[in-house]
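Okay, here's what each chain looks like letter by letter:
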Amino acid sequence: MSKVFEFTGDGDFCPGGSLYPNPKETSLFLSLGRHVDVYFPACKRSRISAPFVFSGDQLKQKKKASIDVLPDECLFEIFRRLPTGQERSACACVSKRWLLLMSNIRGDELCCNKATLPLKREDIPSENKEISGDEPPAIKDDGYLSRVLEGKKATDVRLAAIAVGTSSHGGLGKLLIRGNNSIRGVTDLGLRAVARGCPSLKVLSIWNVSSVGDEGLIEIANGCRQLEKLELRHCNAVSDKALISLAKNCPHLTDISIDSCSTIRNEGLQAIGHNCPNLKSISINNCPHVGDQGIASLLSNTSCVLTKVKLQALHVTDLSLAVIGHYGKSVTDLILVNLQNVSERGFWVMGNGHGLQKLRSFTVTSCQGMTDLGLEALGKGCPNLKQLCVHNCALLSDRGLDSFGKASLSLERLQLEECHRITQYGLFTLLANCGDKLKSLTLVHCLGMKDLNMEPPMLSSCKSLRSLSIRHCPGFGDVSLVMLAKLCPNLQHVDLSGLQAITDAGFIPLLENCDGGLGKINISGCTNLTDKAVSAIAEMHGWTLEVLNLEGCRKVGNTSLVAIAENCPLLNDLDVSLCAVTDFGVAALARAGQLNLQILSISGCTEISEKCLPALRKLGRSLVGLNLQHCSGISKKSVDLLVEQLWRCDILH
């Protein structure tokens, strides 16, 4: 206190110098006038909230301590020493910064992996020290968890959270990214977090994510070496560089699908062929820079293991098909779509290459090179072919179908769609040639199918056929249907949807010749069929019928529903949408004690009113699906009440 009274103003009050090195900072505590030696309060209150500490002769301000002042390197070292996954997940929830730091820790950098920590003296086992079994067992990273990110949910932050959260719960095995967040979508940083936190990843599928490039997939290649299935669709920033890295670092790859990736070239496919010894399935679609060189290298190097091949909208020529025909020794499923540069010669060479001995399923769509000559060669060169699907091949005619039927030894399923040169003659000759093995026949939009009068001696029975589907072939009428009835006595499934030319006169003979009993019948859109045909269905095949679709049969009414209620105890799916049924027909269904419907559709039945609601409630005891759309006679209030009462049933309205 003596120093206070002895102070004259010429020297410093504090012996160590000024309390504040910057004179302007004195306003935090004192406000001194320029020419006076008198203390007076500050004009403005200080906003410092931290307490003041008086220690000796100095005045200090104590600041709040925060872990946020630590640099990322220090936090990284702290996080990697957290003992359990639960604690790591809790820390990841603190802030985005902590989450991203946590997601950058690889599994081999965690403290639970003692190889990452320095060896201490107490860690060295001695002869007298027993090993304790109290330590918790490490969680196995088996990769059985699956995650799907779609649209706005697809962000780097969510990927980082997935990488941290799944690492302690068995590991992430399947990741599907569909679309992207337009503001902060998935980038290479998100894939890097997955690569470091999910080494067990086996399936990766990325659709429509333009912001992911080579860097992110290279991280996946280096961190997820157990990857088995890769699917890239509309990823234009991904190039051969990423494919080469994946091929070299992921030897377990078995399934690769690349769709609409404009920067993928032949070099990436060559690397896959050289470095993926377990590859079983490959699909390349709409990659403009992929040509014969890449396809040939891929197929020639994987000929012993590759079983499924799909080539679509590629600039390949006859050379690629020749390579398939020679090296496709293990191929069982082959799909060729829209290969405009492939000619008839390519299909002929592929069939005569004698390499497709194991081919069981072949689908060709919009390939003008598929002609009669090529189809005949395939029939001879593929002795184990069981399924053939031909779509929109304009040059294929009856001659090729006849030759293929004679050459094919194992054909069980045939589907022809938009093949307008196929006529009734080709159809019946095929049935005659494959009568002992063909099980399923489908024709869709074949405009060449027209009623023709053929002599009975030309026909032979096809007793093996179980499923017949002829849809939207406007020229197919009663004459053709009666002939089919004579050829196919053992049908179980019949689909004649959209055949407006058939009537009861052609349909009833088909029912009469099916000796084994029909289980599924679809005659939707057959506008000339009446109650007589439906009653015949119920009387002749009611004991086996399970599914019946009468949608759009406007001449079908309550008489049909009464016959169904009396004769179809096994029926579980009935569709009478846009039919002439009324409340009386629905009530007949409800009164049938043996009926056990699960799905009922009366959509667009304008004669249905609220009087049928009690019947619908009774049917609802067994229903799981009910379609009431466009039923103008039922109010929304009544439908809402029905939804509450039939809470087990999924009601469309």
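Residues numbered from 1 in each chain as written. Predicted model: local features only at pLDDT ≥ 70, side-chain atom pairs only at ≥ 80, totals over all residues. Heavy atoms only, no water.

1. Details of the overall build of the protein
Here is step 1: Within the protein one finds 22 helices and 22 strands.
Here is step 2: Counting every position in the protein, which comprises 653 residues, the buried fraction comes to 49%.
Here is step 3: Looking at the protein alone, contacts between residues at least 24 apart form 80% of all its contacts between residues at least 6 apart.
Here is step 4: About 33,000 Å² of surface is accessible on the protein, with carbon and sulfur atoms providing 52% of the total. (Helix = DSSP H or I, 4+ residues; strand = E, 2+ residues; numbered from the N terminus. Buried < 20%, exposed > 50% of the residue type's maximum accessible area, 1.4 Å probe, protein only. Contact = heavy atoms within 4.5 Å. Areas by Shrake-Rupley, 256 points an atom, 1.4 Å probe, with all protein chains shown as cover.)

2. Regarding the side chain of D214
Here is step 1: Tracing the backbone shows D214 in helix α7 (residues 214-223).
Here is step 2: One buried charged residue, D214, remains without a salt bridge, the closest side chain of opposite sign being K241 at 5.8 Å.
Here is step 3: In terms of polar contacts, D214 uses its side chain to reach the side chain of S239, at 2.4 Å.
Here is step 4: Beyond its immediate chain neighbours, meaning those up to four positions away, D214 contacts A237, V238, S239, K241 and A242. (Lys, Arg positive; Asp, Glu negative; His and termini not counted. Salt bridge = Lys/Arg side-chain N within 4 Å of Asp/Glu carboxyl O. Polar contact = N/O pair within 3.5 Å; in protein donor to acceptor, adjacent residues only side chain to side chain.)

3. A few points about the pattern of salt bridges
Here is step 1: Evaluated as defined, the whole model comprises 8 salt bridges.
Here is step 2: For the salt bridge of E412 with K386, the shortest nitrogen-to-oxygen distance reads 3.6 Å. Taken together, the residues E412 in the loop between α14 (398-407) and β13 (413-417) and K386 in the loop between α13 (372-381) and β12 (387-391) connect sequence positions 26 residues apart.
Here is step 3: E412 sits in the buried class, given a relative accessible area of 17%.

4. Some remarks on the state of the cysteines
Here is step 1: Evaluation of the coordinates by the stated rule reveals 0 disulfides.
Here is step 2: The closest cysteine sulfur to the non-disulfide-bonded C393 is located on C419, 5.7 Å from its own sulfur.
Here is step 3: Residue classification places C393 among the buried residues on the basis of a relative accessible area of 0%. (Disulfide = S-S within 2.5 Å.)

5. Brief notes about the side chain of S524
Here is step 1: By the element assignment, S524 lies in the loop between β17 (520-522) and α18 (531-541).
Here is step 2: Every residue in contact with S524, bar those within four places of it in the chain, is listed here: S497, G498, N549, L550 and E551.

6. Observations concerning the pairing of β12
Here is step 1: Of all 5 residues that make up β12, 4 are buried, and the element is covered over most of its length.
Here is step 2: Note that the unit made of strand β11 (residues 361-365), α13 and β12 has a crossover that is right-handed.
Here is step 3: Where β12 lies against β13, 5 bridges are found, and the strand directions are parallel. In the sheet register, V390 faces β13, and the bridge partner there is L416.
Here is step 4: Following the backbone out of β12, through α14 and into the adjacent parallel β13, one traces a crossover that is right-handed. (Right-handed = clockwise from strand over helix to strand, strands pointing away. Pairing = 2+ DSSP bridges.)

7. Some remarks on the environment of L571
Here is step 1: Tracing the backbone shows L571 in the loop between α19 (558-567) and β19 (573-575).
Here is step 2: Since its relative accessible area comes to 0%, L571 is described here as buried.
Here is step 3: The sequence separation of L571 and L545 amounts to 26 residues, and the corresponding C-alpha distance is 5.7 Å.
Here is step 4: Sequence-distant contacts of L571, defined by excluding residues within four places in its chain, comprise L545, E546, V547, L548, I564, L595, N596 and L597.

8. Some details on helix α6 (residues 188-197)
Residues spaced three or four apart along an α-helix face the same direction, because each turn holds 3.6 residues.
Here is step 1: A large share of α6 lies buried, amounting to 7 of its 10 residues.
Here is step 2: For α6, the full list of buried residues reads D188, G190, L191, A193, V194, A195 and G197.

9. A few points about the packing of aromatic side chains
Here is step 1: This model, assessed by the stated rule, comprises 0 aromatic pairs.
Here is step 2: Over the ring of W207 we find R178; its NZ or CZ atom is 3.7 Å from the centre of that ring.
Here is step 3: Taking the ring centre of F584 as reference, the NZ or CZ of R591 above it sits at 5.7 Å. (Phe/Tyr/Trp six-rings, centres within 6.5 Å; stacked < 30°, edge-to-face > 60°. Lys NZ or Arg CZ within 6 Å of the ring centre and 35° of its normal.)

10. A few points about α19
Here is step 1: Taken residue by residue, α19 has N558, S560, L561, A563, I564 and A565 as its buried positions.
Here is step 2: Of the surrounding elements, those touching the buried residues of α19 are α18, β18 (547-549), β19 and α20 (583-591).

11. Focus on the nonpolar core
Here is step 1: In terms of nonpolar packing, the biggest core is built from 170 residues, with F362, L431, F507 and L616 touching the most fellow members.
Here is step 2: Contacts of L431, omitting those with residues within four sequence positions, involve L438, L441, C462, L465, L484, L487 and C488.
Here is step 3: Core analysis: the second largest hydrophobic core is formed by 5 residues, L75, C91, W98 and L101 among them. (Core = buried A, V, L, I, M, F, W, Y, C linked by side-chain atoms within 4.5 Å.)

12. Details of unusual backbone geometry
Here is step 1: With a phi close to 55 degrees, A313 is a non-glycine residue in the positive phi region.
Here is step 2: Among the structural elements, A313 can be located in the loop between β9 (308-312) and α11 (318-327).
Here is step 3: Its relative accessible area of 24% is what places A313 among the partly exposed residues.

13. Some details on the environment of E512
Here is step 1: With respect to the helices and strands, E512 occurs in helix α17 (residues 504-513).
Here is step 2: Since its relative accessible area comes to 48%, E512 is described here as partly exposed.
Here is step 3: Note: C-alpha distance between E512 and H541 (29 residues apart in sequence) is 9.5 Å.

14. Thoughts on the packing of helix α9 (residues 266-275) against helix α10 (residues 292-301)
Here is step 1: Direction vectors running N to C along α9 and α10 enclose 5 degrees, while the axes themselves pass 8 Å from each other. On the basis of their axis angle, the class for α9 and α10 is roughly parallel. Listed contacts from α10 to N266, L269, Q270, I272, G273 and H274 of α9 are Q293, G294, I295, S297, L298 and N301.
Here is step 2: Across the contact of α9 with α10, the residue classes tally to 4 nonpolar, 8 polar and no charged. (Axes fitted to C-alpha atoms, helices over the stretch in contact; angles between N-to-C directions. Parallel < 35°, antiparallel > 145°, perpendicular 65-115°, else oblique. Nonpolar A, V, L, I, M, F, W, Y, C, P; charged D, E, K, R; others polar.)

15. So, the environment of T442
Here is step 1: Tracing the backbone through its elements, the reader meets T442 in strand β14 (residues 440-444).
Here is step 2: Classification of T442 by relative accessible area gives buried; the value is 12%.
Here is step 3: C-alpha of T442 to C-alpha of S469: the two residues are 27 residues apart in sequence and 4.6 Å apart in space.
Here is step 4: Beyond its immediate sequence surroundings of up to four residues, T442 is in contact with L414, Q415, L416, S469 and R471.

16. Things to note about the confidence of the model for the protein
Here is step 1: Scored by pLDDT, the protein has a mean of 83; 80% of the residues are at 70 or more.
Here is step 2: Contacts for the low-pLDDT stretch residues 1-9, under 50 throughout, to residues beyond four places or in other chains number 3 contacts.
Here is step 3: A low-confidence stretch, residues 46-60 (pLDDT under 50), is modelled with 18 contacts involving residues beyond four sequence positions or located in other chains. (pLDDT = per-residue confidence, 0-100.)

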